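Now for the letters of each chain:
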Amino acid sequence: MKKVLVTGAAGFIGSHLVDKLLEESCYVVGLDHLDEPGNNLTNALKSSRFKYIARDLNDTPSEIRKLGFKLDYIFHFGAIVGVQNYLSNSLEMFNSNILGSYQIVNYALEEDIPIFFASTSEIYGKNLSIPWDENSDRVLGNTSLDRWSYSSGKAVIEHLLFSLGKEKKLRFNIARFFNVYGPRQKPIFVVSRALSRAFRNLPLENFDGGNQTRSFIYISDAIEAVFRISNSNKFGDAYNIGTTDEITIANLLQIICKSFPKSNISNTETTKSHGIGYEDLQRRVPINSKLVTQMNWNPKVDLESGIKKTISWINTNEWWLNINSEKIKS
C-alpha cells in the first residue's frame, strides 16, 4: 500500500487530493496547522487509511518520523494563501511558505522521497507577454510591496527544488495553479467570494470595471492533473495547471447571476479592499500544452458547469456559508 503525506490537507485543494488518494487505496497522512481538521476532511476521517496530524509545517519532519514507517511520496500543499492573508500577515507567510517549506523539502531529500510542490501562477508576476508557458520570465514589483511576497516565497522554494534536483538528485515536480475553484474553497477568491455574496443576497463585486481576464479550472480537473503528474515517474519539471479559456471578471459575474435572479453587481475599486500599492493583473492565462501532451490531460468541466456544480454543493453544505461570514459582509 502506497503511503503518502499531504501537507495542507484540510485546505481546499489538499482535501480534494486526500479524497482522491484514498479512492486509489493509498494510506494518507494529512498534516495541517488546524487543531480541528474541519468539514473538508469529514469523509477522509471515516477511513482507517487516513491519519490526521495537527502541526505547523516546521514541525513536520519530527512528527512524521514518529510514525515509524517511510513515506513513498510527499504532496506539499501547505501554505498561507489568499491576497488578504499575505498582505495582512506577511511574516507568517514567510514562516510558513519559505521556512516551513524548506523543512519539508529537506526531509524529502534526507529520506529520498519524491515530492510534489504546489506553486502558483503568481510566479510569473506582471509579465505582459501573455499567455505564459513554464519558461516565461518573472516580472515583479518593488520588494517593499507585500503584494509580491507570496510570489517570491513560492519562487524561492522552486529555486531550491531545481537546485536540489540538479545537485542532489532530488525527485520533484512543481505545479503552478491558475485560478482553481469549486466546492470547499474559502470565500476569499474570485468565484467563491462571488458565490458567497450571491447566496447572502449581497451585491457581487466588480473590481475596477471587471475587464481583467482569468482562466478558471474546476477542482476535479486540477486534481486529475496532479494525479497524472505524480504517477508519471517523470521528475524535475514544472507544469502549468489551468485552462486556456479566458474570460473577463465582468462576464464571470454575469454567469453567476444567471443562477441568482435577485442578484446584482456593484462596481468597486481594488484599492478599497487591498490598499494603495496593490497591483492587479489585467490578464492571467496559461499555456498548458506541456501538461496536455506529456500527461495526456484535458479539462472536462467548463466554467458554467463548474459553477452549477459548486452551487449544488453549497445547497447541501450550508456550513460553508458560515466561513468568514463577517468578512463577506464588508
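Here's a quick rundown of the structure. (Residues numbered from 1 in each chain as written. Predicted model: local features only at pLDDT ≥ 70, side-chain atom pairs only at ≥ 80, totals over all residues. Heavy atoms only, no water.)

Attention now moves to the nonpolar core. Of all hydrophobic cores here, the largest spans 61 residues; its most connected members are Phe-75, Phe-177 and Ile-241. Of all hydrophobic cores here, the second largest spans 24 residues; its members include Val-29, Ile-64, Leu-67 and Phe-117. (Core = buried A, V, L, I, M, F, W, Y, C linked by side-chain atoms within 4.5 Å. Buried < 20%, exposed > 50% of the residue type's maximum accessible area, 1.4 Å probe, protein only.)

The strand order across the open sheet formed by three strands is S12-S9-S14, and the pairing between neighbours is mixed. Two strands bound the open sheet, and with one partner strand each, they are strand S12 (247-248) and strand S14 (283-284). As paired elements, strand S9 (residues 213-214) and S14 share two bridges and run parallel to each other. Paired with Arg-214 across the bridge in S14 is Arg-284. (Pairing = 2+ DSSP bridges. Helix = DSSP H or I, 4+ residues; strand = E, 2+ residues; numbered from the N terminus.)

A few words now on the packing of helix H8 (residues 249-257) against helix H11 (residues 303-315). Relative to each other, H8 and H11 sit at 50 degrees, their axes nearing to 10 Å. Considered as vectors, H8 and H11 are oriented oblique to each other. For the pair H8 and H11, the crossing hand works out as right-handed. For the pair H8 and H11, the contacting residues are Leu-252, Ile-255 and Ile-256 in the first and Leu-303, Glu-304 and Ile-307 in the second. Across the contact of H8 with H11, the residue classes tally to five nonpolar, no polar and one charged. (Axes fitted to C-alpha atoms, helices over the stretch in contact; angles between N-to-C directions. Parallel < 35°, antiparallel > 145°, perpendicular 65-115°, else oblique. Left-handed = near helix turned anticlockwise from the far one by under 90°. Contact = heavy atoms within 4.5 Å. Nonpolar A, V, L, I, M, F, W, Y, C, P; charged D, E, K, R; others polar.)

The full count for this structure, using the stated rule, is 13 aromatic pairs. Here the aromatic residues Tyr-73, Phe-75, Phe-77, Phe-116 and Phe-177 are joined through ring pairs into a cluster of three or more. Over the ring of Trp-148 we find Arg-147, and its NZ or CZ is 4.3 Å from the ring centre. Note that Lys-290 overlies the ring of Tyr-239, its terminal NZ or CZ placed 5.5 Å from the centroid. (Phe/Tyr/Trp six-rings, centres within 6.5 Å; stacked < 30°, edge-to-face > 60°. Lys NZ or Arg CZ within 6 Å of the ring centre and 35° of its normal.)

Of note, Gly-141 is situated in the loop between strand S5 (115-120) and helix H5 (149-168). Along the primary structure Gly-141 and Lys-186 are separated by 45 residues, whereas in three dimensions their C-alpha atoms are 27 Å apart.

Given 3.6 residues to a turn, an α-helix orients residues that are three or four positions apart in the same direction. Between its first and last C-alpha, helix H7 (residues 219-230) extends 16 Å over 12 residues, near the 16 Å set by a 1.5 Å rise per residue. Within H7, nine of the 12 residues are buried, leaving the element largely enclosed by the surrounding structure. Buried within H7 are the following residues: Ile-219, Asp-221, Ala-222, Ile-223, Ala-225, Val-226, Phe-227, Ile-229 and Ser-230. (Expected span 1.5 Å × (residues − 1).)

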